[in-house]
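# Breakdown of the fold
What follows is each chain in one-letter form.
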Amino acid sequence: MNNGTVNALTNEEKKVLLLLLSSETGAASPEALASGDMVAVAIHRASLGLASRGFITIEESVKTTLRITNEGEELRSVIPERAVAEAIRATGGTSAYLDELAIDKRLSGIALGWLKKRQWAEMEKEGGRMRVTLTEPAIEALGRPSPLQDALERIATEVVMLEEVDASIVSDLKSRKAIEMRTERTRTLVLTDAARAVDPASIIIREEVTQLTPDLVRNGRWKDVQFKRFDVSVPVKPLYPGKKQPYLAFLDSLKAQFVALGFQEMRGPLIETEFWNFDALFQPQNHPARDWTDTYRLISPKQGRLPDDGTVEAVKRSHESSWKYVWDPEKARNLMPRAHGTCLSARQLHAGVSLPGKYFSIARCFRPDVLDRTHLIEFNQIEGIICDESLTFRNLLGVLKQFAEEIAGARQVRFYPDYYPFTEPSVQMSAKHPDLGWVEFGGAGIFRSELTRPLGVEEPVIAWGLGVDRLAMFKLGIDDIRYLFSDDITWLRREVMM
Amino acid sequence: MPTLEISCKDLSRLLGRTVTVEELDDLILYAKGEIDGVEGDTVKVDQKDTNRPDLWSTEGIARQLRGILSLETGLPDITIEESDVEIFVDPALADVRPYCVNAVVKGLDIDEAFLSQIIQLQEKVALTYGRKRREVAVGIIDYDRIVPPIYYRATGPEENAFVPLSFSEALTPSEILSLHPKGQEYRHLVEGHDVYPLLVDSEGTVLTMPPIINSEHTGKVTTETKNVFVDVTGYDIETLKTALNVIVSAFAERGATIYSVTVHYPGRKERVPDLTPRTFSVSKAYVQKTLGMALDDRDLVALLAKMRYDAFVDGDDIVVSYAPYRDDIMHENDVLEDLAIAYGYNSMVPDVPDLSTTGRLLPLTSRLLIARELMVGLGYQEIVTFTLSSSEMLFERMGVARPDDVVEIENPVSASWSVLRPALLPSLMAFLSKNTHNDYPQTVFEVSEAARIDESQETGVESAYRLAFAACSATATFTEARQALDAFMANCGIAFEVRGIEHPSFLEGRVGAIVVDGIERGIIGEIHPRVLEAWGLEHPVAAVELALERLLE
């Protein structure tokens, strides 16, 4: 143990070490070391530090002491059976009637039991009187001082350890409720051999500092002080950083991916006319999907405006010639929270697209569902279009496959025929996710020209939509879709962002 | 999207080849279906194409799959015999439900599987293709219980009482509309007219009251039925003919004989059903270009034959013939898709298009991203909540009167989701109220869209992004919110001032309007204890809401 090790100790530890070094035996209890300067708690803390660094060992022992009770105090002055026996001997003989002895009745009552138990006397009834005859052991015992009283005398006047008293006497006294036992744990701090060799003069007590302050740095006093050691393994109170919402963070990363793939972002209003939500997408006005139960309607406001007459007329003609019904512009003006993101693509086509052009959007959509662990009342749809004269159906399959590889990390994809009112041919894709297995990942198709022409586009338009909620749920480690819109701050705080 | 139940055994019998449920899983895709569930021999199939009613029965699926499996290709052979049965259509129905088309089918051998398909097909055709019986209603009548000719005629609401299906007493048409479950369900299709449609035979026996209910006496098909009379009513005669063709073609698949009938409309007559194939021309070059594949003439013809077309090459075009149970062929792409399906989507080589385009976020999105990152940097947890809310949450609990410009849903699933929120702060309060048992301080923010009525907008509604943030803790104060606001605005490069105002959601003297260029763009303050109480919060809340999109423009 060198000076370096010694002087790495805290001041409290050094003080305790010094006290032990100055004691005769190099051992003491914490209580014995306590003083006004160092309270017991500080000594306890210091002793743990000293022990962990090998300066001391802490020996623990258990000590049971005996204490006299109130009943014990009575017994200390009078032992009932001895009093009766002595009274009989005082009559000169070894036998007497109990009622002729000058003994308190309560005392003689207790005495009878013990006389019998200790086989000090035999009792007989003679004409209604109790005759007590002492036995040889009683007479012998009277010739010696009472060991019970001797023991009680010691217990009453000094600290007597359990093991210092004969076990039968302890048992006797306990059954007379004359004593109590008290158990105490005691610690003894014992210097190790290495510590005994430490020169007390080498222990320097310096000012100890908890907080390093600008002052200490500025005036150089940090060189003279000792910094209090911290237990760096102790847990601390949690700190919650500001964080992005995990689902939105996931959608942000998708946006970045689409931009990297050359897509421009589109936006549209939350509330749409049926014109953009359905009619412009070639969905006939009497189509079951436009039914009351499948879409929301508004109380207020009721209707919006249609686009330019030319577009409206072209959409009307397209519907009437293909679906054979009378198209109603009033129905097209009805407002609804948008049911899908495809209306954004229709708006983009109408606003004009570049050739080649790639567009995408992540749109909040609304459908009359009941909120539960697999359904949301609002959800995000990722949709987009690609326009170019050269596009083919195999291009569409290529784009979908690229999405599956880039976004889902899929190595394999499968395509299925599908149906959407606005695309032909239509296709649905499943992607083999490395952890989830086959996941229905997206739908797509070539926009029908009955849709694109009225909006002013002659070139082929590939339209696609991706279902990313399952991917998001997997990434976020949840099996309840409501967590995408979590209202649990603890979950948000715990969610790993990497 | 109709959902069917079919029996795998029944399908095998119709195919003339055993198919297992496992095989069907893949095969059914060629009939535009997807298996949704299996229970023993019964397979639940989602039929995705709402324009292909011919595929909505075991019979139709079998016809399609025989082509795919090359068991029988090209146009299906459905012959029609002529009968002298006549149907007379009453001009008085012109405004009610003007048209009916009919057929007689004989030689049926109906077992349970067949019976269930008859009922299912009739139901699905009327529901999906017939837009819930409005456009098409189908009645199938026991032909042996009626005596032609048949009259499709107008009846007064109180005349011609008959016993409707599953009833035991005769009811008048108006009683049927009010008492029979089907009457209650579909009465809106005839109500408002002085007369209702009725089909009766030469002896005055009622067959059916379209589009409501058949008669119990004649309109009940069972496994005992041998011959039937099919009745399809509605408004557009071409649609009705397609529906009739779908139904009789399904019967033909079971080996029954189809007989045509003569329908006398006011001023003209027609013989129906007519299954003469229709033709459609497709440019070969267009097909090659759109598929991105060089298929030769023989391949094209063979692939189309698998999809039950007859096809031949005529110069630069392929001419296809198809059975008129289809009316979905409106464009070359409709034929092209069938070609692609027959070729197999998974047999094609996907080809990522080589198009040079520049990807771009909307400028607004980029700015909102920076705004969100600033809030994160200020130590706020981002949350995302629903746009739909309720008046109770948005106004009552916030202690404010409901404004006039609220966007409200007419048919909400629940009152809790009946109003589009005009502001985000109530959503933040709702969030905090759900987290009273969690560690404080809680500081949260949201950047989302909110909506209010604005007649000047195309959709009558302004939907725009807003920012709201709230600090909730034992020591939350106005100053804390003001510090965050100052830091946020400074980093957005927006100069503003806070002007003291009164607002019932906030403590008096601790609330201000956030004013930018003389216009109020937001609010800051300490939430009033009355409002905290309404939300069940015990910790003070200091909050800010900003019309962020307007500020970032």
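How each quantity is defined
Residues numbered from 1 in each chain as written. Chains lettered and ligands numbered in written order. Predicted model: local features only at pLDDT ≥ 70, side-chain atom pairs only at ≥ 80, totals over all residues. Helix = DSSP H or I, 4+ residues; strand = E, 2+ residues; numbered from the N terminus. Rg over C-alpha atoms; globule rule 2.2 N^0.38 Å. Buried ≥ 20, exposed ≤ 12 C-beta atoms within 10 Å, placed from the backbone. Contact = placed C-beta atoms within 7 Å. Nonpolar A, V, L, I, M, F, W, Y, C, P; charged D, E, K, R; others polar. Pairing = 2+ DSSP bridges. Axes fitted to C-alpha atoms, helices over the stretch in contact; angles between N-to-C directions. Expected span 1.5 Å × (residues − 1). Core = buried A, V, L, I, M, F, W, Y, C linked by C-beta atoms within 7 Å. Domains from an automatic or database assignment. Parallel < 35°, antiparallel > 145°, perpendicular 65-115°, else oblique. Left-handed = near helix turned anticlockwise from the far one by under 90°. pLDDT = per-residue confidence, 0-100.

### Structural notes on the overall build of chain A
For chain A, the helix and strand inventory stands at 21 helices and 19 strands. In terms of overall dimensions, chain A is more spread out than a globule: its C-alpha atoms have a radius of gyration of 49 Å, far above the 23 Å expected for 498 residues. Dimensions of chain A along its principal axes, counting C-alpha atoms only, are 145 × 80 × 45 Å. Every one of the 498 residues in chain A was classed for burial, and the buried ones make up 36%.

### Focus: the interface of chain B and chain A
Contacts between chain B and chain A engage 75 residues on the former and 79 residues on the latter. The set of elements that each furnish at least two residues to the side of chain B that touches chain A consists of helix H8 (284–291), helix H10 (332–343), helix H11 (363–377), strand E17 (381–382), strand E19 (407–409), strand E21 (442–453) and strand E22 (461–472) of chain B. Considering only residue class, the side of chain B that touches chain A consists of 33 nonpolar, 23 polar and 19 charged. Bridge count between strand E12 (residues 298–300) of chain A and E19(B): 2 bridges; the pairing is antiparallel. Within E19(B), the position partnered with Leu298(A) by the bridge is Ile409(B).

### Points about the environment of Trp535(B)
Residue and element names in this part refer to chain B. By secondary structure assignment, the location of Trp 535 is in the loop between helix H15 (529–534) and strand E26 (541–546). Sequence separation between Trp 535 and Val 21 is 514 residues; the distance between their C-alpha atoms is 55 Å. For Trp 535, the contacting residues outside a window of four places in its chain are Arg 397, Met 429 and Ser 433.

### Some points on the sheet that holds strand E4 (residues 121–126) of chain A
All names here are of chain A. Reading across from one edge, E3-E5-E4 is the order of the 3 strands in this open sheet, with antiparallel pairing throughout. The open sheet is flanked by strand E3 (95–97) and E4, the only strands paired with a single partner. Taking the axes of each pair of neighbouring strands and ignoring which way they run, one obtains an average angle of 20° across the sheet.

### So, the pairing of strand E17 (residues 423–433) of chain A
Every regular strand shows the same layout, with side chains that alternate between the two sheet faces. All names here are of chain A. In terms of residue burial, E17 counts as a mostly covered element, since 8 of its 11 residues are buried. With 5 bridges connecting them, strand E16 (residues 413–417) and E17 associate as antiparallel partners. Along E17, the bridge assignment pairs Pro 417 with Val 427. Counted along the chain from E16 to the antiparallel partner E17, the turn is 5 residues long. Where E17 lies against strand E18 (residues 437–447), 9 bridges are found, and the strand directions are antiparallel. Its bridge partner being in E18, Ala 431 is matched across the sheet by Val 439. Linking E17 to E18, which pair antiparallel, is a turn of 3 residues.

### Examining helix H4 (residues 112–129) of chain B
All names here are of chain B. Its 18 residues place the ends of H4 25 Å apart at the C-alpha level, agreeing with the 26 Å of an ideal helix rising 1.5 Å per residue. Turning to H4, its buried residues are Phe 114, Gln 117, Ile 118, Leu 121, Gln 122, Lys 124, Val 125, Ala 126, Thr 128 and Tyr 129. Its buried side turned inward, H4 meets helix H3 (58–68), strand E6 (136–142) and helix H7 (237–253). Backbone geometry just downstream of H4 places Arg 131 in the positive-phi region, at approximately 50°.

### Details of the nonpolar core
Taken as a class, soluble globular proteins show a tendency for nonpolar side chains to be buried jointly. Among the nonpolar cores identified, the biggest contains 230 residues, and Ile462(A), Ile247(B), Phe469(B) and Ala543(B) are the most heavily contacted of them. Sequence-distant contacts of Ile462(A), that is, excluding residues within four places in its chain, are made with Ile385(A), Ile386(A), Leu391(A), Asn395(A), Leu396(A), Val399(A), Ala444(A) and Ile446(A). Counting residues in hydrophobic clusters, the runner-up holds 14 residues, among them Val6(A), Leu20(A), Ala46(A) and Ala195(A).

### Quick notes on the domain arrangement of chain B
Assigned domains within chain B: domain 1 (3–68), domain 2 (80–272), domain 3 (279–344) and domain 4 (363–552). The straight-line distance from the C-alpha centre of domain 1 of chain B to that of domain 4 of chain B is 53 Å.

### Let's talk about the packing of H8(B) against H10(B)
All names here are of chain B. Here H8 crosses H10 at 60°, and the two axes come no closer than 11 Å. Considering their axes alone, H8 and H10 lie oblique with respect to each other. For H8 against H10, the interelement crossing comes out right-handed. Facing H8, whose interface residues are Tyr 286, Val 287, Thr 290 and Leu 291, H10 presents Glu 332, Leu 336, Leu 339 and Ala 340.

### A closer look at the environment of Pro421(A)
Residue and element names in this part refer to chain A. Checked against the element boundaries, Pro 421 lands in the loop between E16 and E17. Judged by C-beta crowding, with 18 C-beta atoms within 10 Å, Pro 421 ranks as partly exposed. Setting aside its immediate chain neighbours within four residues, Pro 421 contacts Leu 281, Phe 282, Gln 283 and His 287.

### A short note on the sheet that holds E19(B)
Either a parallel or an antiparallel arrangement is found when strands of a sheet pair, and the pairing is made through backbone hydrogen bonds. The antiparallel open sheet is built from 4 strands, whose spatial order is E12(A)-E19(B)-E20(B)-E18(B). Looking along the sheet, the strands with just one partner apiece sit at the ends: E12 of chain A together with strand E18 (388–389) of chain B. Strand direction decides the pairing type here: E19(B) and strand E20 (residues 419–420) of chain B, joined by 2 bridges, are antiparallel. Opposite Val407(B), over in E20(B), you have Leu420(B) as the bridge partner.

### With respect to unusual backbone geometry
Residues and elements named next belong to chain A. A cis amide bond links Ser 300 to the next residue, Pro 301, at an omega of -10°. Here Pro 301 is to be found in the loop between E12 and helix H15 (309–323). The linkage connecting Leu 355 with the following residue, Pro 356, adopts the cis geometry, with an omega of -5°. Its location among the elements puts Pro 356 in the loop between helix H17 (342–351) and strand E14 (357–366). One non-glycine residue with positive phi stands out, namely Gln 119, at about 55°.

### Side note on the confidence of the model for chain A
This prediction gives chain A a mean pLDDT of 90; 99% of its residues lie at or above 70. Per-element confidence in chain A is highest for strand E10 (residues 264–265) of chain A, whose mean pLDDT is 98, and lowest for helix H1 (residues 3–7) of chain A, whose mean pLDDT is 73.

### Some details on the confidence of the model for chain B
Counting all residues, the mean pLDDT for chain B is 95, and 100% of those residues have values of 70 or more. Across the whole predicted complex the pTM is 0.80, and at the interface the ipTM reaches 0.90.

### Looking at helix H13 (residues 246–260) of chain A
Note that an α-helix has 3.6 residues per turn; residues three or four places apart therefore point the same way. All names here are of chain A. For H13, spanning 15 residues, the distance from its first C-alpha to its last is 21 Å, which sits close to the expected 21 Å at 1.5 Å a residue. Of all the residues in H13, the buried ones are Pro 246, Tyr 247, Lys 255 and Phe 258. Buried-residue contacts for H13 involve E14 and helix H20 (469–476). A positive backbone phi angle near 90° is found at Gly 262, which sits one or two residues after H13.

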